[in-house]
Amino acid sequence: MAKASAFNASRPWFAHYEPGVPCTLAYPQISVADLLLQAHRCWPDRTAVIFGRRQLTYRELYHQACRLAQVLRALGVERGDRVAVMLPNCPQFTIALFGVLFAGGTLVPTSPLYTLREATSQFNDAQVKVAIGLRRHSNMLGELCKTTGLKHVIVTSLWEMLPLPDRWLASVVYRSRTRRQHAKNETLNRWKYLMRRASPVAEPFCASPGDVAILQYTGGTTGLSKGAMLTHGNLVANCVQMRAWFTRTSQQQDVYLGVIPFFHIYGLSVVVLSAVASGSAVVQIPRFEVRQVVRAIRKHRPTVFHGVPTMYVAINRAAEKSKVDFRCIDACMSGSAPLPLQVQTRFEELTGGTLVEGYGLSEASPVTHVNPLHGTRKIGSIGLPLPDTDCRIVDPIDRSREMPPGETGELAIRGPQVMLGYWRAPDETAHVLRDGWLYTGDIAWMDRDGFFHIVDRKKDMILVGGFNVYPREVEEVLIEHPSISEAVVVGIPDEYRGEAVKAFVVPRNGSVVNESELRAFARQRLAPYKVFRVLEVRQSIPKTAVGKVLRRLLREGKA
C-alpha cells in the first residue's frame, strides 16, 4: 500500500501570483488525499465543515474519512475501483470524497436528482462497484443493484450528522417513510451502523499524481454525458492555481459558502478542495434556498462565495429586502453561465465584495480563466488564463490555423489541469485532445491585452441563411428590456433560411411581454437576421443543478 507523500506542512505550498505576469508555479507531487492529510497536520482544531448546528474539525473529518476507508475496504474496494457518491452538499459527501480516496478507489460524483434511467446509464458506463446515497433513494439504489454491476450500497440521511436534538426531531418526521424503504431493501447497508463498528484505517492510501482520482461526468447539456478522467495531479494543480490567483490578504481562516453542488466539479474543486487546501471552513447547504442562505450569512459570516449568476440574482433581491449585513462577503467567482453586468454591479454594491467572472469545464478540473480579483478586470470577459495555462484561438474548421487577436474561433487550452481523457471513449478523446491541447467547443476571441471573451458554444451557433448567429449576443440584448428577466435563444429548422432564431423569455416580476414591442427593441440593436422569428414566454428556463441552461431540451421541445 502506497504511503502519503512527504511535503513541508509548516507553511502553505501555494504562492502569490500576479495575473498577467509570466510565472511558473511549483506543483507538489501529491495526491488529493494529501490535501486532507496536510490540513489534519497543520490545522487539526480548525473548523472544516459547518452543517446546521453541527461542526467538524479537520481532526474529526480526517478520522471519519479513515473510518469510511476501512468500511469500503471491507466491502472489497481495491485500487481503482469506482465508488459513486450520490449525495447533496452535506458532511457525508466530504467524508465520502476522502474516504474513497483513502481506500484507493476512484470517486464518481453522481447527482442525487438523477432518475433511475440516468443513474443506470452512468453506473453501467463507470462500472460502479459501491454506491453511497440518501436513504430516501433506497428503492432506486436497490434497483441499480439488479440492473448494473453495483455490488454494495451504503445509505445515509441528511439528519444523521446533526446534533442529538435536531437529529431526534428529524427522525420523528421521517421515521415512517424510512422504515418502509428500509424494509423493502434489506440488503442495503446503513452508514451509521457501518461507521460505528469500523476502526479507522491504519494507513490511508495515497495515489500517484498520474492516477485517476475522479470520474467526472460532463453535464450533458449538448448530448450524452462522458466521464472525464481527472487525475490527482490535475486536481491538485487546479487547487494550486486557484489559491495563487485568489491570494487572501487576511491571515484569518476563510469561511466558504458551499451552495454549488459538490457532485459537480465546480463545487467539488473550487469549494471543497480549495477550502481543505487552505484550512478553511465550508458552510454546507444541501439546496440553494434564499432564506437558508441569508440565515447562513447572518450566522456564519462567510467570506468566500462562489456561485452561478442565478444565485447572485437571488442574493441581490434578498439583500435589498433583508436587514442582514452582507458585507462579510469578500471574494466571489461566477461560472457556468454568462454573468450579466447589472447583476455583478449590484452584488458588489450590496456586499462590498468583489465578484469576478471565470470560465472552466469539467475536462479542465475545471477552472482555466478568471478575471483578476485585485487589479484590472474586464467586465463581460472571462478574464486571463490561470498560471501555466496556455490558450489559443483556432479556426473551428482548420484547427491548425491560429486566429489573430480580435477574431473569433474555437478556444483551445493546454495546462496541468487538463484531463487524461474520456473514460472508455477513445474516439471522443481523440476529437477533443490533440498534442496536449483541449479543444473546448466554445467560440471565443482574445483582445490585445490577453483577456478572453466567450461568444458561444460552437454547437449552439445558429446558421441563418449563411450568417452565423451566436445566442449569447441576442440574449444579452433581450435581457436589457425592462420586461425580461431571463432569455435563451436556440436555432429551429426553417425551410427557407436553414435555421431561424427562437427566443424563450421569462417575464420580470410579473411584467407582460409584448412580442411586437420586444421585436422592435431587438431590431434597433441587432442585424435583421439575428432578430428572433419565434417567441415563447415561459415561467422558467430548464437548467442543470449548477445553472447551465439545457438548450438541447429547449431545441428539441422536451422542456
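Further up the page is the structure itself.
Anyway, here's the lowdown on the structure attached to this text. Only a predicted model underlies this, so the values are computations on that prediction, with no experimental measurement involved.

### Looking at the pairing of strand β6 (residues 152-156)
Turning to step 1, where the next piece is worked out: For β6, the tally of buried residues reaches four of five residues, placing the bulk of the element in the interior.
Turning to step 2, where the next piece is worked out: Bridge count for strand β5 (residues 128-134) against β6 is five bridges, and the pairing is parallel. When the bridges of β6 are listed, Leu134 appears paired with Thr156.
Turning to step 3, where the next piece is worked out: Taken together, β5, helix α5 (residues 138-147) and β6 form a β-α-β motif whose crossover is right-handed.

### Details of the sheet that holds strand β13 (residues 354-360)
Turning to step 1, where the next piece is worked out: Taken together, the four strands give an open sheet; going across it, the order is β12-β13-β14-β15, and neighbouring strands pair in mixed fashion. Lying at the two open borders of the sheet, with one neighbouring strand each, are β12 (331-334) and β15 (384-385).
Turning to step 2, where the next piece is worked out: Relative to β13, β12 runs parallel, the two being bridged by four bridges. Each residue of the ladder has a partner; that of Met333, found in β13, is Val356.
Turning to step 3, where the next piece is worked out: With respect to the sheet, helix α8 (residues 232-245) is in contact with β12, β14 (367-370) and β15, its orientation differing from that of β14 by roughly 15 degrees.
Turning to step 4, where the next piece is worked out: Along the sheet, helix α12 (residues 341-351) contacts β12 and β13; its crossing angle with β13, the most-contacted strand, is approximately 140 degrees.

### A look at the side chain of Ser138
Turning to step 1, where the next piece is worked out: Turning to its location among the elements, Ser138 is positioned in helix α5.
Turning to step 2, where the next piece is worked out: We classify Ser138 as buried; its relative accessible area is 2%.
Turning to step 3, where the next piece is worked out: Only 2.5 Å separates the side chain of Ser138 from the backbone oxygen of Arg135, close enough to count as a polar contact.

### What about the pattern of salt bridges?
Turning to step 1, where the next piece is worked out: Using the criterion set out here, one finds 26 salt bridges in the structure.
Turning to step 2, where the next piece is worked out: Here Arg301 and Asp325 are joined by a salt bridge, their closest N and O atoms 3.4 Å apart. Note that Arg301 is positioned in the loop between α10 (290-300) and α11 (309-321) and Asp325 in the loop between α11 and β12, a separation of 24 residues in sequence.
Turning to step 3, where the next piece is worked out: What makes Arg301 partly exposed here is its relative accessible area of 29%.
Turning to step 4, where the next piece is worked out: Exposure remark for Asp325: the relative accessible area of 42% places this residue in the partly exposed category.
Turning to step 5, where the next piece is worked out: The shortest N-O distance in the salt bridge between Asp460 and Arg551 comes to 3.4 Å. Within this pair, whereas Asp460 is found in the loop between β21 (452-457) and β22 (462-464), its partner Arg551 is found in helix α16 (residues 551-555), the two being separated by 91 residues in sequence. Neither residue differs from the other here; Asp460 and Arg551 are each classed as buried.
Turning to step 6, where the next piece is worked out: By sharing partners, the salt bridges in this structure join Asp460, Glu475, Arg551 and Arg555 into a single network.

### Overview of the packing of aromatic side chains
Turning to step 1, where the next piece is worked out: All chains considered together, the criterion is met by four aromatic pairs.
Turning to step 2, where the next piece is worked out: Where Tyr312 meets Phe347, the ring centres are 4.9 Å apart and the plane angle is 75 degrees; that geometry is what we call edge-to-face. Of the two residues, Tyr312 is situated in helix α11 and Phe347 in helix α12; the sequence distance between them amounts to 35 residues.
Turning to step 3, where the next piece is worked out: Take Tyr312: its relative accessible area is 0%, and that puts it in the buried class.
Turning to step 4, where the next piece is worked out: Members of the aromatic cluster, each reached through a chain of ring pairs, are Phe305, Tyr312 and Phe347.
Turning to step 5, where the next piece is worked out: Over the ring of Tyr422 we find Lys226, and its NZ or CZ is 5.1 Å from the ring centre.
Turning to step 6, where the next piece is worked out: A cation over an aromatic ring shows up here: Arg392 above the ring of Trp437, its NZ or CZ 4.1 Å from the ring centre.

Cut-offs applied
Residues numbered from 1 in each chain as written. Predicted model: local features only at pLDDT ≥ 70, side-chain atom pairs only at ≥ 80, totals over all residues. Heavy atoms only, no water. Buried < 20%, exposed > 50% of the residue type's maximum accessible area, 1.4 Å probe, protein only. Helix = DSSP H or I, 4+ residues; strand = E, 2+ residues; numbered from the N terminus. Pairing = 2+ DSSP bridges. Right-handed = clockwise from strand over helix to strand, strands pointing away. Contact = heavy atoms within 4.5 Å. Axes fitted to C-alpha atoms, helices over the stretch in contact; angles between N-to-C directions. Polar contact = N/O pair within 3.5 Å; in protein donor to acceptor, adjacent residues only side chain to side chain. Salt bridge = Lys/Arg side-chain N within 4 Å of Asp/Glu carboxyl O. Phe/Tyr/Trp six-rings, centres within 6.5 Å; stacked < 30°, edge-to-face > 60°. Lys NZ or Arg CZ within 6 Å of the ring centre and 35° of its normal.

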